[in-house]
Amino acid sequence: MTTPLAIENLSMRFGAVTVLPDVSFEVAPGECFGLVGESGSGKSTILLCVSMLLSGWEGRIAIGGRAVRDMSLMERCRSLQMVFQDPYGSLHPRQSVRAALSEPVRIHRLGDVDARLEQVMTDVGLPVSFLDRYPHQLSGGQRQRVAIARALILEPSILLLDEPTSALDVSVQAEILNLLQRLRAEKGFTCLMVSHDLAVVDYMCDRFAVMQHGEITEILPRSAILPNAATHPYARQLIDASIAYENAM
Amino acid sequence: MTMIPTETGHAPARPRLPRALVPLANILGFLWRSPTSAFGLIVLGLLIAMALLGPVLAPYDPYAQDLQATLQAPSAAHWFGTDELGRDILSRLLFGAAITLRIIFLVTIVVGPIGMAVGTVAGYFGGRVDTVLMRVTDIFLSFPSLILSLAFVAALGPSLNNAIIAISLTAWPPIARLARAETLTFRKADYISAARLQGASPARIIWKSIVPMCLPSVVIRLTLNMATVILTAAGLGFLGLGAQPPMPEWGAMIATGRRYMIDSWWLVTFPGIAILLVSLAFNLLGDGLRDALDPKQMNRR
Ligand SMILES: Nc1ncnc2c1ncn2[C@@H]1O[C@H](COP(=O)(O)OP(=O)(O)OP(=O)(O)O)[C@@H](O)[C@H]1O
Ligand SMILES: [Mg+2]
């Protein structure tokens, strides 16, 4: 099986500031790969580069062996989707759920709009009657479910998640994470997920990369978290701090 | 995880038209509840009624001269008096309403789309497109609108239609500026990124995501601008560059009436009040719309 997502020597700069000097990693089929690290270490930037929302990067990013730069816009959109951090900002305030979800179906001329909308609403655990609601009539968790539905309606093979639960309340976080786990098992997509929270990474991710100043210091399996098997000092420090915090709670 | 039975999804779809009219009804209801914007609504309603029913309601032919009865003061026969050619001023005012409405309507459908298109395209693409479009806008903005309209009408020849074209040419730049400023505030928003990730073309993003966000403030601005448009049209009519005699345009009526103003106050007073009321009504409506056009208001049901 080809590697679903491979990033080789990715570098990105904003003007004179180099945000990502040289990043390389691969994500295995069906895996959920985490990105953790301090604020400003370039985690979101990696997702923006992969999704081509930022296009000024250098290096090579390949999805299923095909370079994203060579893919047509339509092909890229159907192989890769993203869920944003803030469900309050990622849904158009004047579009009903129906409008937001039918847009991708229309753009890609998939047909069967109503059946697809009903299917995807059921998939993310929302009643079909919510299709006629507007974002301000939904709770934060419900909005994030709509955002996930919008990402999944094109049946992508890669889902990019930028702190999908950090804007939500703890109990709602768990629901969304459970939903993502269930959908991943059902649909078999591969995840690249940014998170601040090692507990979330522990729950969701098979492997994760610890980032500092735009560089990947270490790539660790999930099992390395509790015994703190990290070798790089920064990664050790991050995991220690997180475990201490969990214990203090 | 509990699954919601799919049967609920097969409920018959609600009819489309009423759903589209819900926001409109909400806005009107909201405007009606505040006294000032209700006044604006009433005057606008009266203007439309006058324009539609003017020919039926008018007691006299607005063009019929009666040289036996020139400059008559308001009386039972001529409620608002007669002008220097003996024409009934009330009838002329009623027929003038249609002209004013036509100016408002044509200017709106020209200025709104042009301003919106220029502003959203400049704001969304940014960079060189933005620079070019905004410099063009600046050139138009740098002339006082009445002077620019004067120049256009002088070049095109005085007539009502040319006045409308001239006013439109000078009225779109502020709308474009506004639409651009609005676009800039949310072009980096996540929902625009999400639309791009879904493969939407720039045209589609501008039309489906950006225009709905700019629409309320553009509508408010257009409504507030209508006061200026009416005054400019009246000003052009007054200077003899807009509607041509014997058309009963309100500004032109004031222009011809001013020679007799000292002795016959009614010649300028009634058209003046009409212009004042209509432009005031648009100002108040614009203010009311500012409160009414808030997404939570619009979609409430
Ligand atoms: N458009 C931009 N122009 C200039 N610098 C930018 C821009 N976007 C991001 N940066 C810089 O790039 C660096 C990485 O940003 P990024 O958003 O990827 O961080 P992050 O790891 O996602 O942080 P957080 O965890 O707080 O979300 C930051 O130092 C930020 O200041
Ligand atoms: Mg981030």
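- Looking up chain A in an unreviewed UniProt entry gives the name Glutathione import ATP-binding protein GsiA, with the organism given as Mangrovicoccus algicola.
- Under the UniProt heading Sequence similarities (unreviewed entry), the entry covering chain A gives this text: "Belongs to the ABC transporter superfamily. Glutathione importer (TC 3.A.1.5.11) family."
- Heading Function (unreviewed entry) of the UniProt record for chain A holds this comment: "Part of the ABC transporter complex GsiABCD involved in glutathione import. Responsible for energy coupling to the transport system."

### Considering the overall build of chain A
Then, in step 1: The secondary structure content of chain A amounts to eight helices and 10 strands.
Then, in step 2: Taking 18 Å as the expected radius of gyration for a compact globule of 249 residues, we find that chain A reaches 18 Å, a close match to that expectation.
Then, in step 3: Principal axes of the C-alpha set define a box for chain A whose edges measure 50 × 45 × 40 Å.
Then, in step 4: Looking at chain A as a whole, 57% of its 249 residues are labelled buried.
Then, in step 5: With the model as given, the accessible surface of chain A reaches about 10,100 Å², and the carbon-plus-sulfur share is 50%.

### Regarding the overall build of chain B
Then, in step 1: Helices and strands together make up the secondary structure of chain B, namely 11 helices and zero strands.
Then, in step 2: Its helices and strands in sequence order give chain B the pattern α-α-α-α-α-α-α-α-α-α-α, from N to C terminus.
Then, in step 3: Expressed as a percentage of the 301 residues in chain B, the buried residues total 47%.
Then, in step 4: Accessible surface, chain B as shown: approximately 14,800 Å² in total, 70% of it carbon and sulfur.
Then, in step 5: Looking at chain B, you have 23 positive and 15 negative side-chain charges, and the mean spots of the two groups are 14 Å apart.

### Comments concerning the site of ligand 1
Residues and elements named next belong to chain A.
Then, in step 1: If you check the shell around ligand 1, you find Phe14, Val19, Glu38, Ser39, Gly40, Ser41, Gly42, Lys43, Ser44, Thr45, Glu163 and His196 and nothing else.
Then, in step 2: In this structure, an oxygen atom belonging to ligand 1 sits 2.8 Å away from a main-chain N or O atom of Gly40.
Then, in step 3: Between an oxygen atom of ligand 1 and a main-chain N or O atom of Gly42, the distance comes to 3.0 Å.
Then, in step 4: Burial of ligand 1 by the protein amounts to 56% of the accessible area it has alone, namely 640 Å².

### Notes on the sheet that holds strand β6 (residues 80–83) of chain A
All names here are of chain A.
Then, in step 1: As summarised here, the arrangement of the six strands in space is β6-β7-β8-β3-β9-β10, forming an open sheet in which the pairing is mixed. Each having just a single partner strand, β6 and β10 (215–221) make up the two edges of the open sheet. Shown here is a sheet whose adjacent strand axes are inclined to one another by a mean of 20 degrees, direction ignored.
Then, in step 2: Note that strand β9 (residues 207–212) and β10 share six bridges and pair antiparallel. If you follow Arg207 over to β10, its bridge partner there is Pro221.
Then, in step 3: Contacting β3 (32–37), β6, β7 (158–162), β8 (190–194) and β9, helix α1 (residues 43–50) runs over the sheet at an angle of about 150 degrees to β7.

### Regarding the packing of aromatic side chains
Residue and element names in this part refer to chain B.
Then, in step 1: Inspection of every chain in the model, using the stated rule, returns six aromatic pairs over all chains.
Then, in step 2: Ring centres 5.7 Å apart and planes at 85 degrees place the aromatic pair Trp265 and Trp266 in the edge-to-face group.
Then, in step 3: When its relative accessible area of 6% is taken as the criterion, Trp266 is described as buried.
Then, in step 4: Ring geometry for Trp265 versus Phe270: centroids 5.8 Å apart, planes at 50 degrees, classification tilted.
Then, in step 5: For Trp265, a relative accessible area of 44% translates into the label partly exposed.
Then, in step 6: Judged by its relative accessible area of 16%, Phe270 is buried.
Then, in step 7: Aromatic rings pair up to connect Phe80, Trp265, Trp266 and Phe270 into one cluster.

### A word on the nonpolar core
Within soluble globular proteins, side chains that are nonpolar generally end up buried alongside one another.
Then, in step 1: Grouped together as the largest cluster of nonpolar side chains are 62 residues, with contacts concentrated most on Ile103(B), Val107(B), Ile210(B) and Trp250(B).
Then, in step 2: A per-element tally of this core places helix α8 (residues 202–238) of chain B first, with 14 residues.
Then, in step 3: Contact partners of Ile210(B), with chain neighbours within four places excluded, come to Thr120(B), Tyr124(B), Thr183(B), Phe186(B), Ile192(B) and Ile205(B).
Then, in step 4: Membership of the second largest hydrophobic core comes to 50 residues, among which are Leu126(A), Leu131(A), Ala149(A) and Phe189(A).

### Considering the sheet that holds strand β2 (residues 17–27) of chain A
Residue and element names in this part refer to chain A.
Then, in step 1: Spatially, β2-β1-β4-β5 is the arrangement adopted by the four strands of the open sheet, whose pairing is antiparallel. This sheet does not close on itself; its edge strands, each paired only once, are β2 and β5 (66–67).
Then, in step 2: Here two bridges tie strand β4 (residues 58–63) to β5, and the two strands are oriented antiparallel to one another. Residue pairing for β5: Ile63 is matched across the bridge by Arg66.
Then, in step 3: α1 rests against β1 (5–14), β2 and β4 of the sheet, and its axis sits at about 110 degrees to β1.

### What about empty space enclosed by the protein?
Then, in step 1: What the rule picks out here adds up to four cavities of 30 Å³ or more.
Then, in step 2: Of the volumes computed, that of the largest cavity is approximately 130 Å³.
Then, in step 3: Residue lining of the largest cavity: 14 residues in total, with Gln95(A), Tyr191(B), Ala195(B), Gln198(B) and Ser209(B) positioned closest to the centre.
Then, in step 4: Elements with a contribution of two residues or more to the lining of the largest cavity: α3 (97–107) of chain A together with α7 (190–197) and α8 of chain B.
Then, in step 5: Tallying contributions element by element places α8(B) first for the lining of the largest cavity, with four residues.
Then, in step 6: Grouping the constituent residues of the lining of the largest cavity by class yields six nonpolar, four polar and four charged.
Then, in step 7: Asp83(B), Glu84(B), Arg87(B), Ile89(B), Arg92(B), Met253(B), Thr256(B), Gly257(B) and Leu267(B) are the residues that line the second largest cavity.
Then, in step 8: Looking at the lining of the second largest cavity, the elements with two or more residues in it are α3 (89–125) and α9 (250–257) of chain B.
Then, in step 9: The greatest single-element share of the lining of the second largest cavity, amounting to three residues, is contributed by α9(B).
Then, in step 10: A per-class count over the lining of the second largest cavity returns three nonpolar, two polar and four charged.

### Observations regarding the interface of chain A and chain B
Frequently, the measure chosen for interface size is the accessible area removed from exposure when the parts meet.
Then, in step 1: In this assembly, 37 residues from chain A lie in contact with 29 residues from chain B.
Then, in step 2: For the pair chain A and chain B, the summed buried area comes to about 3,000 Å², and 58% of that belongs to carbon and sulfur atoms.
Then, in step 3: Looking only at chain A, the three residues that lose the most surface to chain B are Leu53(A), His92(A) and Arg94(A), adding up to 22% of its buried area.
Then, in step 4: Put simply, chain A and chain B have two salt bridges between them.
Then, in step 5: The salt bridge partner of Arg204(B) is Glu103(A), with a shortest N-O separation of 3.0 Å.

Each value, and the rule that gives it
Each chain has its residues counted from 1, following the order in which its sequence is written. Lettering of chains starts at A and numbering of ligands starts at 1, both following the order in which they are written. With the structure being a predicted model, the display of local features is reserved for residues of pLDDT at least 70 and the display and counting of side-chain atom pairs for 80 or more, all residues being used for whole-chain, interface and lining totals. Water and hydrogen atoms were dropped before computing side-chain values, which therefore reflect all heavy atoms in the structure. UniProt positions are given in the numbering used here, feature names are shortened, and annotations may be inferred rather than shown by experiment. Secondary structure elements are defined from DSSP: runs of H or I of at least 4 residues count as helices, runs of E of at least 2 residues count as strands, and each element is numbered from the N terminus. Computation of the radius of gyration draws on C-alpha atoms, with the globule rule given as 2.2 Å multiplied by the number of residues to the power 0.38. Throughout this description, buried means an accessible area under 20% of the type-specific maximum (1.4 Å probe, protein chains only), exposed means over 50%, and partly exposed covers the range between. Every accessible area reported is derived by Shrake-Rupley at a probe size of 1.4 Å, with residue values counting cover from the shown protein chains alone. Just so you know, the count uses Lys and Arg for positive and Asp and Glu for negative, and it drops His and the chain ends. For this purpose, a charge sits on NZ of Lys, CZ of Arg, CG of Asp or CD of Glu. A molecule or strand has a residue near it when one of that residue's heavy atoms lies within 4 Å. N or O atoms within 3.5 Å of each other form a polar contact, as long as, within protein, one can give a hydrogen and the other can take it, and as long as residues adjacent in sequence are counted only when both atoms are side-chain atoms. Any two strands with at least two DSSP-identified bridges between them are counted as paired. Geometry is summarised by axes, namely lines fitted to C-alpha atoms with helices restricted to the contacting stretch, and by angles between N-to-C directions that run from 0 to 180 degrees. Note on contacts: a residue pair qualifies if any of its non-hydrogen atoms lie within 4.5 Å across the two residues. Pairing of aromatic side chains here covers Phe, Tyr and the six-membered ring of Trp, requires ring centres within 6.5 Å, and sorts the geometry by plane angle: under 30 degrees stacked, over 60 edge-to-face, intermediate tilted. Among the buried residues, those of types Ala, Val, Leu, Ile, Met, Phe, Trp, Tyr and Cys that are joined through side-chain atoms within 4.5 Å form a nonpolar core. Points on a 1 Å grid over protein atoms alone make up a cavity when a 1.4 Å probe fits among them but cannot get out, and a pocket when they form an open set with protein on both sides within 12 Å along at least five of seven lines; lining residues each have an atom within 4 Å of a point. Grid points are joined across faces, edges and corners, and a volume is the space filled by probe spheres set on the points. Under the scheme applied, nonpolar residues are Ala, Val, Leu, Ile, Met, Phe, Trp, Tyr, Cys and Pro; charged residues are Asp, Glu, Lys and Arg; polar residues are all the others, including Gly. Summed over both partners, the accessible surface that disappears when two parts come together, traced with a 1.4 Å probe, is what is meant by buried area. Throughout this description, the term salt bridge denotes a Lys or Arg side-chain nitrogen within 4 Å of a carboxyl oxygen of Asp or Glu.

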